[in-house]
Amino acid sequence: MNPDRKTRVRFAPSPTGPLHMGGVRTALYNYLYAKKAGGDFILRIEDTDSQRFVPGAEKYIIDSLRWCGIYPDEGVDALGNVVETPSERHPHAPYRQSQRKPIYRQYAEQLVRDGYAYYAFDSPQELEARRKEAEKAKSTFTYNHITRRELKNSLTLPQEEVKRLIETTRTWTIRFKNPENETVKMDDLIRGHIEVNSDTLDDKVLWKAADELPTYHLANIVDDHLMEITEVIRGEEWLPSLPLHYLLYKAFGWEDTRPRFAHLSLLLKPDGKGKLSKRDGDRLGFPVFPLQWTNPEGEISRGYREDGYYPEAFVNMLALLGWNPGTEQELFTMEELIEAFSLDRVIRSGARFNPEKARWFNQEYLRKQTDEQLARQFIPLLTEKGIVVTDDPSFTVPRHSGPENRSEGAKVETTFGFIKAVCALIKERAHFVSDFWEICHYFFIAPDSWNEADVKKFWNPETGKMIEKMYEIISGIPTAEGSQEEHIRLIEETLTDYIKSNEWKMGTVMNTLRLFFVGQSKGLGIADIIYFIGKEEALRRIRYAMHSLPV
RNA sequence: GGUCGAUUCGUCUAAAGGUUAGGACUCAAGAUUUUCAUUCUUGCAAUAGGGGUUCGAUUCCCCUAUCGACUACCA
């Protein structure tokens with residue numbers, strides 16, 4: 001509320017599993033907002049649910065944010081560990097709520113003392129029974145200003161009994177005492193003014209004696225206050241608890257420093273109804289998680305990183321899913337996003353995720369890579385295919401693995417420079433680096449079979465004669481001189497001039513050659529192929545095909 | 001059921017009372033090209049419905065419908 005305060009926002013995930021892309025978006029918006037304002041982005045781990053803790057989830061969350069280029073200013077150190085002891089940079093440590101356990105009870109009891117909360121001794125079983133009962137009567141049981149009068153709590157029980165129960169039992173809780181018939185007036189940075197009557201609220205549990213831990217609501221308010229959070233940017237699922245949170249700030253007397261709230265809409269499934277879930281990814285074949293995740297049962301969920309997405313593309317795509325800059329710009333660096341971001345251009349309605357658009361973003365980012373970067377990214381995939389990259393200067397042309405030299409363990413050797421040049425040629429044709437092999441495998445390994453339909457279409461006595469002549473023409477082309485462009489142009493002109501002078505159909509001749517070079521009648525330009533595989537290899541492939549294929 | 005929120009092309013979205021309702025993705029057609037892809041051009045395609053307010057509503061208000069979230073000693 002105080003405009004003089006330094007902007008401080010937090011991302012406060014619960015380590016109950018991998019961070020879903022919707023969670024990444026929430027973190028991203030927090031980060032962009034903080035950086036735009038020159039403020040701090042804090043990471044806090046909300047692990048107050050001892051039952052649902054998943055090992056590895058916390059590390060996964062931090063790794064995911066780092067992959068996305070989102071680095072917390074506070075809460076996580078340079079090594080990526082959640083800070084446990086206070087320091088100048090991390091004054092509010094520890095940042096895991098489970099380690100802040102001693103802090104919360106006093107605040108819950110302060111509320112009881114001031115009449116804003118009470119002790120409740122109903123067992124979970126008793127409450128469950130009430131809920132079942134209400135369900136039968138087609139209504140919903142709510143612990144509120146009416147029902148609390150007939151339940152076991154410090155409002156109904158004698159003082160000695162209350163004291164005895166607190167001391168001798170462990171299943172009691174502290175519940176918030178909602179005020180009667182009070183209009184809670186709230187303001188949301190994205191949604192505007194909202195009003196709710198307090199009678200529709202239930203008396204939420206704030207603290208549980210069983211594990212001596214607060215629930216989300218208490219921990220959240222106390223920590224946001226203690227950590228001097230100025231804006232809370234979180235998912236829409238929290239909007240229904242906003243009145244409670246407002247009431248809590250009031251009960252604590254912290255209204256003057258209450259953060260401002262912004263509730264983000266949800267990410268929806270690409271088809272059908274409902275919010276995006278892990279199942280949709282499996283069903284429709286796209287990741288819903290930033291990084292691959294293996295759950296404790298050994299089940300693997302794919303990640304954007306492992307699927308070959310650039311983090312910049314993923315972040316860019318996510319940023320525009322529910323926000324837009326008001327201009328027609330679609331491609332943003334993180335710096336540009338920070339510069340352009342503002343909460344009042346965040347969309348109120350849910351955004352349906354479109355995997356096609358995600359692919360498009362990646363294609364755009366792939367094209368922004370330099371040839372050298374692409375070559376480096378491609379090499380691991382080439383290695384998998386048995387292509388050896390050597391820096392031996394005597395290798396100016398790759399040694400090809402044709403059928404006759406594809407003996408057991410035979411390797412194809414090539415140079416970094418060759419790969420770089422190939423990447424330059426094929427980058428426009430790919431969405432992912434993982435598409436590269438499919439596009440240019442024939443630069444490294446000669447085909448030993450040919451697409452049947454294409455053979456039928458292009459291989460006959462007539463084309464046989466043409467190819468015989470083309471063989472001579474190709475062998476007459478002088479070996480590489482001058483630049484790559486010049487040489488490719490020379491090959492191209494030599495071939496096309498000859499084809500034209502004979503009044504042959506360009507498509508027929510070229511596609512027959514392509515069939516022999518590639519294995520099918522689609523692929524790169526013939527001149528490019530001859531240049532990259534080399535004249536001798538091109539001739540060899542023609543010989544091999546003509547020898548193998550019956551006319 | 002109750003509370004709260006949302007509703008513009010298939011999808012992401014622009015237009016914050018006056019536009020032939022714009023852009024992007026996808027899809028289709030054409031051009032280029034030796035094929036495929038790229039590229040370029042063009043096209044298809046929307047204000048959920050009904051009432052108001054207003055000279056004028058995508059925009060403001062109300063109702064309905066639909067969708068979503070929440071309704072735990074989970075976050």
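All values derive from a computational prediction rather than experimental measurement.

Asker: Tell me about the overall build of chain A, residues and numbers included.
Answerer: The secondary structure content of chain A amounts to 20 helices and 16 strands. Relative to a compact globule of 551 residues, whose C-alpha radius of gyration would be 24 Å, chain A shows 33 Å and is clearly more extended. Referenced to the eigenvectors of the C-alpha coordinate spread, the extents of chain A come out at roughly 105 × 55 × 40 Å. The buried share among the 551 residues of chain A stands at 36%. Across chain A, the fraction of contacts at a sequence separation of at least 24, relative to all contacts at a separation of at least 6, is 73%.

Asker: Describe the sheet that holds strand 8 (residues 213-214), with residues and values.
Answerer: Hydrogen bonds between backbone atoms are what pair the strands of a sheet, whose relative direction is either parallel or antiparallel. Here we have 4 strands laid out as an open sheet, ordered 3-4-7-8, and antiparallel in their pairing. A single partner strand is all that each edge strand has here, and the edge strands are strand 3 (117-120) and strand 8. The sheet contact formed by strand 7 (residues 205-208) and strand 8 spans 2 bridges and is antiparallel. Its bridge partner being in strand 8, K208 is matched across the sheet by L213.

Asker: Can you explain the protein's contact with RNA strand B? Please cite residues and give values.
Answerer: As a structural note, the neighbourhood of RNA strand B is formed by 64 residues, with S14, E46, S349, R352 and M510 the closest of them. At the level of elements, helix 4 (124-136), strand 6 (192-197), strand 7, strand 14 (351-352), helix 11 (355-368), helix 18 (506-518) and helix 19 (526-533) are the ones that each hand at least two residues to the surface near RNA strand B. Element by element, the count of residues in the surface near RNA strand B is highest for helix 18, at 5 residues. Counted by class, the surface near RNA strand B contains 20 nonpolar, 22 polar and 22 charged residues.

Asker: Tell me what's going on with unusual backbone geometry, and back it up with residues and numbers.
Answerer: In most cases, non-glycine residues show a negative phi, while peptide bonds are predominantly trans. Following A93, the chain continues to P94 via a peptide bond in cis, the omega torsion being 0°. Backbone geometry places K138, a non-glycine residue, at a positive phi of 60°. Looking at where K138 falls in the secondary structure, it is placed in the loop between helix 4 and helix 5 (159-168). In this structure K138 comes out as exposed when scored by C-beta crowding, with 6 C-beta atoms within 10 Å.

Asker: Quick one: what's the story with helix 1 (residues 21-36), residue by residue and with numbers?
Answerer: Counted at 1.5 Å a residue, the expected span for helix 1 with its 16 residues is 22 Å, and the 22 Å between its end C-alpha atoms agrees. After helix 1 finishes, the residue G38 shows a positive phi value of roughly 70°.

Asker: So what's going on with the domain arrangement of chain A? Residues and values would help.
Answerer: Domains assigned within chain A are domain 1 (8-95 + 266-357), domain 2 (98-264), domain 3 (369-443) and domain 4 (452-548). A C-alpha centroid distance of 62 Å is found between domain 2 and domain 3.

Asker: Explain the pairing of strand 16 (residues 412-415) residue by residue, including any values.
Answerer: The two faces of strand 16 differ: V412 and T414 on one face are buried, but E413 and T415 on the other face are not. Across 4 bridges, strand 15 (residues 387-390) lies against strand 16 in parallel orientation. Counted as the bridge partner of V388 is E413 from strand 16.

Asker: Break down the packing of helix 18 against helix 19 for me, with residues and values.
Answerer: Running from N to C, helix 18 and helix 19 point in directions that differ by 35°, and their axes come no closer than 10 Å. The two elements helix 18 and helix 19 cross, and the hand of that crossing is left-handed. Of helix 19, the residues touching helix 18 (which contributes M510, L513, R514 and F517) are I526, I529 and I533. The residue inventory of the contact of helix 18 with helix 19, partitioned by class, reads 6 nonpolar, no polar and 1 charged.

Asker: Describe the environment of L213, and please don't skip the residues or the numbers.
Answerer: Mapped onto the elements of the fold, L213 is located in strand 8. The sequence separation of L213 and R348 amounts to 135 residues, and the corresponding C-alpha distance is 34 Å. With sequence-adjacent residues up to four places away left out, L213 is seen in contact with T48, S50, K101 and K208.

Asker: I'd love a proper account of the nonpolar core, names of residues and values included.
Answerer: Side chains of nonpolar character tend, in soluble globular proteins, to be buried together. Of all hydrophobic cores here, the largest spans 127 residues; its most connected members are L28, A108, L218, F314, L318 and I530. Among the elements that line this core, the one with the most residues is helix 1, at 9 residues. Among residues more than four places away in sequence, those in contact with I530 are I474, I491, K535 and A538.

Asker: How would you explain the environment of M546 if you had to name every residue and give the values?
Answerer: Inspection of the secondary structure assignment puts M546 in helix 20 (residues 535-548). The sequence separation of M546 and L239 amounts to 307 residues, and the corresponding C-alpha distance is 72 Å.

Asker: Give a description of the packing of helix 16 (residues 461-475) against helix 18 that names residues and reports values.
Answerer: At a closest axis distance of 10 Å, the pairing of helix 16 and helix 18 adopts a crossing angle of 75°. On the basis of the axis angle, helix 16 is roughly perpendicular to helix 18. Note on element contacts: helix 18 touches helix 16 through T508, V509, T512 and L513, opposite T463, M466, I467 and M470. Residues that form the contact of helix 16 with helix 18 fall into these classes: 5 nonpolar, 3 polar and no charged.

Definitions and limits used
Residues numbered from 1 in each chain as written. Chains lettered and ligands numbered in written order. Predicted model: local features only at pLDDT ≥ 70, side-chain atom pairs only at ≥ 80, totals over all residues. Helix = DSSP H or I, 4+ residues; strand = E, 2+ residues; numbered from the N terminus. Rg over C-alpha atoms; globule rule 2.2 N^0.38 Å. Buried ≥ 20, exposed ≤ 12 C-beta atoms within 10 Å, placed from the backbone. Contact = placed C-beta atoms within 7 Å. Pairing = 2+ DSSP bridges. Near = placed C-beta within 6 Å. Nonpolar A, V, L, I, M, F, W, Y, C, P; charged D, E, K, R; others polar. Expected span 1.5 Å × (residues − 1). Domains from an automatic or database assignment. Axes fitted to C-alpha atoms, helices over the stretch in contact; angles between N-to-C directions. Left-handed = near helix turned anticlockwise from the far one by under 90°. Core = buried A, V, L, I, M, F, W, Y, C linked by C-beta atoms within 7 Å. Parallel < 35°, antiparallel > 145°, perpendicular 65-115°, else oblique.

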